[in-house]
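Below, each chain spelled out in residue letters.
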Amino acid sequence: MSDVGTPPIPMLDVKELRVSYGARVAVDGVSFRIERGEIFGLLGPNGAGKTSTLSAIEGLVKPQSGRSLIDGIDTAQHPLEAKALLGVQLQSSSFQPELSIQQIASLFAGLYGVRLTTAQLADRLRDIGLEAEAGRRFKQLSGGQQQRLALFIASIHDPLLLLLDEPTAGLDPQSRRALWQRIEQARGAGRSILLTTHSMEEAQAVCDRVAIVDHGTLLTTGTPADLIAKHRDDPKVRAVAHGEVTLEDVFIGLTGSEIRD
Ligand SMILES: Nc1ncnc2c1ncn2[C@@H]1O[C@H](COP(=O)(O)OP(=O)(O)OP(=O)(O)O)[C@@H](O)[C@H]1O
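So, how was this worked out
- Residues numbered from 1 in each chain as written.
- Predicted model: local features only at pLDDT ≥ 70, side-chain atom pairs only at ≥ 80, totals over all residues.
- Heavy atoms only, no water.
- Pairing = 2+ DSSP bridges.
- Helix = DSSP H or I, 4+ residues; strand = E, 2+ residues; numbered from the N terminus.
- Contact = heavy atoms within 4.5 Å.
- Axes fitted to C-alpha atoms, helices over the stretch in contact; angles between N-to-C directions.
- Near = heavy atom within 4 Å.
- Polar contact = N/O pair within 3.5 Å; in protein donor to acceptor, adjacent residues only side chain to side chain.
- Nonpolar A, V, L, I, M, F, W, Y, C, P; charged D, E, K, R; others polar.
- Buried < 20%, exposed > 50% of the residue type's maximum accessible area, 1.4 Å probe, protein only.
- Domains from an automatic or database assignment.
- Buried area = accessible area lost by both parts, 1.4 Å probe.
- Salt bridge = Lys/Arg side-chain N within 4 Å of Asp/Glu carboxyl O.

### Concerning the sheet that holds strand β1 (residues 12-21)
Reading across from one edge, β2-β1-β4-β5 is the order of the 4 strands in this open sheet, with antiparallel pairing throughout. With partners counted over all chains shown, the strands left at the sheet margins are β2 (24-34) and β5 (73-74), one partner each. Alignment of β1 against strand β4 (residues 65-70), held across 5 bridges, turns out to be antiparallel. Paired with Lys15 across the strands is Arg67, a residue of β4. Against the sheet, helix α1 (residues 50-58) makes contact with β1, β2 and β4, and its axis sits at roughly 110 degrees relative to β1, the strand it touches most.

Right, dumping it as structure tokens:
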């Protein structure tokens, strides 16, 4: 039987997701899809609902309504199967500060049921430039090293989909670019990636498509170039642009200049 005409199952399909904390609605009917091998960025001001969206997909908070499907598997109906496909890097990842890098890697490999010999683990740590740090404690690592380790741990069970919450927050430009490369390598290895970021530069450098969210609602989605083309003549965007319209102008034009705390 031919499957010509059958659209591929998206790697992530988020449908009308709604998350509330008591009376506060954090995510208000968000829908988007991520295709295989795609890096998708969620952009939004503080409090827009980005982390809550990720938390609902990860199963850390129970959505009030809506669904998310990972490779066609409903995360609420089949949480174990869905989670096996998912790698998660939480915002400001922190591991046991007193554990050594080797201990942390072994611990998470064990938790995910991944068998790694000492030699294989040394190889993996060499791949991420942390072989010499294997015996050091997590708290002794630089910010860039900690984020590299966090990305490595999120990928240790070879997930198809990675969720990265502000993976480069607080890094210097060198470490940030090095991490971008690793995220792109993950895409090269066939993974799909959903990340949140406050950096428009990052969104333009690594994301194939982005969505701008605010007040729990998805305002627009497309490639960074699409969004500039689509919104460059919007008076709200024009009003904040200095010369040629940038993604940041689109972002501020659509979400407003007011500071969110
Ligand atoms: N556990 C919680 N209990 C109550 N309210 C919460 C909780 N977590 C988030 N919120 C609220 O939900 C809204 C969305 O927060 P969320 O953290 O999802 O936004 P965000 O876009 O990730 O923000 P940031 O960029 O600051 O990380 C905010 O108003 C926030 O105060």
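Now that the structure has been shown, the text picks up again.
### Some details on the site of the ligand
The ligand sits among 14 residues. The nearest are Gly47, Gly49, Lys50, Thr51 and Ser52. Contacts to the ligand include Gly47, whose backbone N or O atom sits 2.8 Å from an oxygen atom. Between the ligand and Lys50 there is a distance of 2.7 Å, counted from an oxygen atom to a side-chain nitrogen or oxygen. Looking at the shell around the ligand, the elements with two or more residues in it are β2 and α1. No other element matches α1, which puts 3 residues into the shell around the ligand. The residue makeup of the shell around the ligand, split by class, is 4 nonpolar, 7 polar and 3 charged.

### Some points on the environment of Arg126
Following the sequence through the fold, Arg126 ends up in helix α4 (residues 118-127). C-alpha of Arg126 to C-alpha of Gly44: the two residues are 82 residues apart in sequence and 35 Å apart in space.

### What to know about helix α10 (residues 247-255)
A large share of α10 lies buried, amounting to 7 of its 9 residues. Those residues of α10 not exposed but buried are Leu247, Asp249, Val250, Phe251, Gly253, Leu254 and Thr255. At its buried positions, α10 is contacted by β3 (39-43), α7 (200-206), β9 (209-214), β10 (217-222), α8 (224-231) and α9 (235-240). Two residues or fewer past α10, Gly256 is found with a positive phi of approximately 90 degrees.

### A few points about the domain arrangement of the protein
Along its sequence, the protein is organised into domain 1 (12-222) and domain 2 (223-255). Centre-to-centre separation of domain 1 and domain 2, based on C-alpha positions: 27 Å. At the interface, 17 residues of domain 1 touch 13 residues of domain 2. Interface area for domain 1 against domain 2, summed over the two sides, is near 1200 Å², with a carbon-plus-sulfur share of 76%.

### Focus on the pattern of salt bridges
By the definition in use, this model includes 18 salt bridges. Arg177 is the partner of Glu201 in a salt bridge, and the nearest nitrogen-oxygen pair spans 3.6 Å. Placement of the pair is Glu201 in helix α7 and Arg177 in helix α6 (residues 173-188), with a sequence separation of 24 residues. Overall, the relative accessible area of 39% leaves Glu201 in the partly exposed class.

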